[in-house]
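# Reading the structure
Residues per chain, in single letters:
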Amino acid sequence: MPSSTLTAKASYKKLPGTLELTSTHLQWTQDGKKAPSIRIPHVEAASLFCSKEGAAQVRLKIGLVSDDAGHNFTFLAPQPVAVTEREKFKTELTNIIGVNRRGPNTPSVVPSPITPVLAQQSSNAPSSRPAIPMSRSSTSRAPSVAASDSRRTGTPMSDPTSDYQLRIRVLLSNPELAALHRELVMSRQITENEFWEGREHILLAQAAQESQRKGKSGQLVDPRPQTVDGEIKIVITPQLKLDIFEEYPVVKKAFEENVDKKLSEPEFWHRYFQSKLFNAHRASIRSSAAQHVVRDDPIFDKYLEKDDDELEPRRLREDRVDIFIDLGATLEDHGETGNDKDVTMQAGKQRAVLPLIRKFNEHSGRLLDSVLGEGPTKRRRIEGRMEERYSQLDLEDLHDNQSAAGIALNMGDSKRYFEGRSGDASQAAGPIDVKATIHEAKTNLQGWSANLIQLKIDKKAGDTALSEMTQNVAARLDVKLRKEDIPEVVYGQMMACQTAANEFLRQFWLAIYPPPSDLPTASAATPAQKAAKATKMIAYLDQMSEKVNALAFAATQSGVDGTKIRTAMKPVLDAVEKATTFWRARNSAAAPAPHRR
Amino acid sequence: MDKPSHLSIVLDLSPKQWHLAAQPGSPHPITLATFLSHLLAFLNAHIACKDENSLAIFGALPGKSILLYSSAAPVDDGDTEPADANTYRPFKLMDSIIMKSITREIDALGEPETEEPIGFVGALTKALCYINRVTTSNTTSGDRGVDPATLPDPRILIISVSPDQSSSYISVMNSIFSAQKLASFDLFYQKVTIDVCKIFGAESVFLQQAAHLTGGSYIDVDRPDALLQYLMMSFLAPPGLRQLITVPTQDKIDFRAACFCHKNIVDIAFICSVCLSIFCSPVPVCSTCRTKFPIKTLQRLNASRPNTTPGTPRPPTPANSLPRSTSIAPQSLPRSTSIVPQSLPRNASNGASTLR
């Protein structure tokens, strides 16, 4: 990027002024003023739009990371000059945006379409439709997310558990948690930090998920013509341009040597897409529909290389192609078993596909390199011995874990577990003459036959038993048949009440019990803080039973059986009761302690 | 539902408990004699339900357990009962054999000074073994043509009057797990259902769990004078039929466990992270698998033990005042180094007050 400043006369909001591009900022100064009224740092630049070529006004619109609307500038110079000026800005800004886009924390930006370039059927007539963006990066996230990302870069947070933005995103993706959060934190019953205490794992998971970035797409650059209103055209975006240059250095070379000397940029692309060179660069041999338009081109034909379809690839690699990505590797498979050559998998049996195969190989190799990084890859390939290859194929997950025999339970003194101390609870019944009981049992066994004949169930007892058991069964049947008849509103209130109580209980026990692990957590509270928190939570918990009563009352008002609500809320109240009892017992125990000292 | 049904009964025959059950003080006393009449009537009904129905009765007596009757055993020809015009002869025979065995076993008890705990687990285990034999013997004899449908549909009915022996927790749980796994060799998975009929005494935690875990029914008999009504309504239908005939059961189940160290039934326990043994207090070394726990963990756990009973005061503020509080309250938890599984008496007294 040249450090020299680009300057042009441009108006902003119909006010004339000067547009400048410095090495750090894009700025605009109104005529007659000294300080620029608009200063956009380079990192803020997110997208770029230009007015069409040949339009009455030469405009440039820049979209910002934080503000999609961006700023509109109109170049004031006469048409040809304005266009040139604009092109200069465009080139520089495209570079800047490209850099921003690759930056670590601005993962996605709206692609910026520039003027349509090629219209194959109707000569060079510029299309009247807005260009359709065609870009490899299809990730287009909401502007707010991108904004929060950039804010995060501004103030780097080392601890994801205290990242406010992260919490918001977790809540957004988890409606139930968000509801609880709304209920408790927004109403200031518990603080934000308390809420997240004990939920750190959710935040960490989210942070880990977000820190994973999409790598480069593995697609081969293949500009495809689109048919729009009967015209076939290829839309060139700056991204596509960069990709083409990267994939085919020869095009870049041609571009540098010709554009602005012999050809204008649109002309260059126009001719390129009609040239044999482009045809040689096609990613597929089938897409030869456009072949009839291929014509000789004195400029591009210079760069044409001979088809890479000889026995030996033209570009021999300095390092050997990784056997796992070489399509030619299966050429003579199964040799050791005495089979014929594998004709079905013969690479280059059809000569025309050879260049394509080699192109794919090169592309895959390049992709792998870019992912793995240069250094280790090289080393790996050079050491590519047989064992090395097998070790690559050897996936740990596929191993049978037979060796893990487990830890044998070595029970010490197992006898002890099956013998208990004799006579534990039953002793309490008082002294009983065992001999007498045995004697009693014996007499009870006499005359069983006569007893059996005289067996008669007392009617009242039988009826009682019958009705009792019938009720038991009926109650369960009733539950099965019962329909959900609590109105949605009341049900929602019950749910809210229940989750709130759960949260208070969680906070309470969290304050009572030590943290689940010995590891010092970021939010480790002092005993005093914990005690204060427990007191606060108990205060909330004490209100729970009133809340349930109020809920039941309100439900009765709206025609629902209040006892039903109480029954449903009983387990929660039981748990609350347990906590309050515990708290009271602990406090009453704590009170006399100083006296005993 | 054409499968025959096999019923194994575990009969609690503790003379002391039956003596207590017959005390006029209880709201609805039942004597052993009355109970046996009800039981015999029920057993006859079970046999009468289907020709192939089989029966085995296991007695849990003080200090022993024994098979009292098996319908598979050959009838002793010398055992002649006088004909009775009022009773179907096979019933009469069965009843007399059962009663004779009970009498024999009670006589064999002699005249001890104290009553030993009943051999309940032994009886339950024998019942499971018996079921295992009747449900799998046919298939292992090499006769491949056995139709699984002819194999009996087994279940166990426990008739209990004794309280839980917490010492037998592990064995009872093991029996429950065996019951769950038994008969899984069959074509379709089917566990041995354990029904429980509690005639006298406090609710049994273990038996509730046994019934719940095996899909059986737990009945706490309110009116023992109408016992036959309960037996008929709840326990006559074999498990296969219970999808069609709903039988009563208890809704509430106590899922508490007994600790391995003192056999106390506990609300909150400390579990060995290696072998899942249950302890009522944190221990430095797991007595089952000999895993040693870090001293820090013990201190942490001890500091946080919930102790709701006022009799054992806890330090007012944890952590910082911990050393002092141990001197204040000598009754409270011993320091972790001194916890050994054998320190029984002190904790047992504490435990008893916390538990119920």
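Residues numbered from 1 in each chain as written. Chains lettered and ligands numbered in written order. Predicted model: local features only at pLDDT ≥ 70, side-chain atom pairs only at ≥ 80, totals over all residues. Heavy atoms only, no water.

- Under an unreviewed UniProt entry, the name given to chain B is General transcription and DNA repair factor IIH subunit TFB4, and the source organism is Phlebiopsis gigantea.
- In its Subcellular location (unreviewed entry) section, the UniProt record describing chain B reads: "Nucleus".
- In the Sequence similarities (unreviewed entry) part of its UniProt record, chain B is described as follows: "Belongs to the TFB4 family." (UniProt positions renumbered as here; feature names shortened; annotations may be inferred.)

- As recorded in an unreviewed UniProt entry, chain A goes by the name BSD domain-containing protein, listed as coming from Phlebiopsis gigantea.
- Per UniProt, chain A carries the Subcellular location (unreviewed entry) text "Nucleus".
- Under the heading Sequence similarities (unreviewed entry), UniProt records this for chain A: "Belongs to the TFB1 family."

### Observations regarding the overall build of chain B
- The helix and strand inventory of chain B stands at ten helices and ten strands.
- For chain B, buried positions account for 57% of its 356 residues.
- A sequence separation of at least 24 residues applies to 67% of the contacts in chain B between residues at least 6 apart.
- Summed over all atoms, the accessible surface of chain B reaches about 15,400 Å², with 58% contributed by carbon and sulfur. (Helix = DSSP H or I, 4+ residues; strand = E, 2+ residues; numbered from the N terminus. Buried < 20%, exposed > 50% of the residue type's maximum accessible area, 1.4 Å probe, protein only. Contact = heavy atoms within 4.5 Å. Areas by Shrake-Rupley, 256 points an atom, 1.4 Å probe, with all protein chains shown as cover.)

### Overview of the confidence of the model for chain A
Residues and elements named next belong to chain A.
- The pLDDT averaged across chain A works out to 71; a share of 65% of its residues lies at or above 70.
- Across residues 377–382 the pLDDT falls below 50, and counting only partners more than four positions away or on other chains, this stretch makes 15 contacts in the model.
- Low pLDDT, under 50, characterises residues 518–522; the predicted model gives this stretch four contacts beyond four residues in sequence or across chains. (pLDDT = per-residue confidence, 0-100.)

### Overview of the nonpolar core
Residue and element names in this part refer to chain B.
- Judged by nonpolar contacts, the single largest core of 50 residues is most densely connected at Ile9, Leu11, Phe35, Phe42, Leu43, Ile102 and Ile199.
- Broken down by element, this core gets its largest block of residues, nine residues, from helix 2 (residues 32–49).
- Residue contacts for leucine 11: discarding those within four places in its chain leaves Phe35, Leu39, Ile57, Phe58, Gly59, Ala60, Leu68, Ile102 and Ile159.
- Met173, Ala179, Val266 and Phe279 belong to the second-largest nonpolar core, a separate cluster that totals 46 residues. (Core = buried A, V, L, I, M, F, W, Y, C linked by side-chain atoms within 4.5 Å.)

### So, the sheet that holds strand 6 (residues 218–220) of chain B
Residues and elements named next belong to chain B.
- An order of 3-2-1-4-5-6 is seen for the six strands of this open sheet, with the pairing classed as mixed. Each of the sheet's edge strands pairs with one partner strand only, and the pair in question is strand 3 (64–70) and strand 6. Sheet twist, expressed as the mean angle between neighbouring strand axes with direction ignored, is 15 degrees.
- Sheet analysis places strand 5 (residues 193–198) next to strand 6, joined by three bridges and oriented parallel. (Pairing = 2+ DSSP bridges. Axes fitted to C-alpha atoms, helices over the stretch in contact; angles between N-to-C directions.)

### Notes on the pattern of salt bridges
- Using the criterion set out here, one finds 15 salt bridges over all chains in the structure.
- Residues lysine 442 of chain A and aspartate 107 of chain B are paired through a salt bridge, measuring 3.9 Å at the closest nitrogen-oxygen approach. You can see lysine 442 of chain A sitting in helix 15 (residues 434–445) and its partner aspartate 107 of chain B sitting in helix 3 (residues 89–108), one on each of two chains.
- Judged by relative accessible area, which is 41%, aspartate 107 of chain B ranks as partly exposed.
- For aspartate 254 of chain B, the salt bridge is made with arginine 256 of chain B, and the minimal N-O distance between the two is 3.2 Å.
- Aspartate 254 of chain B gets classed as partly exposed once you look at its relative accessible area, which sits at 22%.
- You can call arginine 256 of chain B buried: its relative accessible area is 16%.
- Within the structure, one salt-bridge network assembled from shared partners comprises Arg199, Glu503 and Arg506 of chain A. (Salt bridge = Lys/Arg side-chain N within 4 Å of Asp/Glu carboxyl O.)

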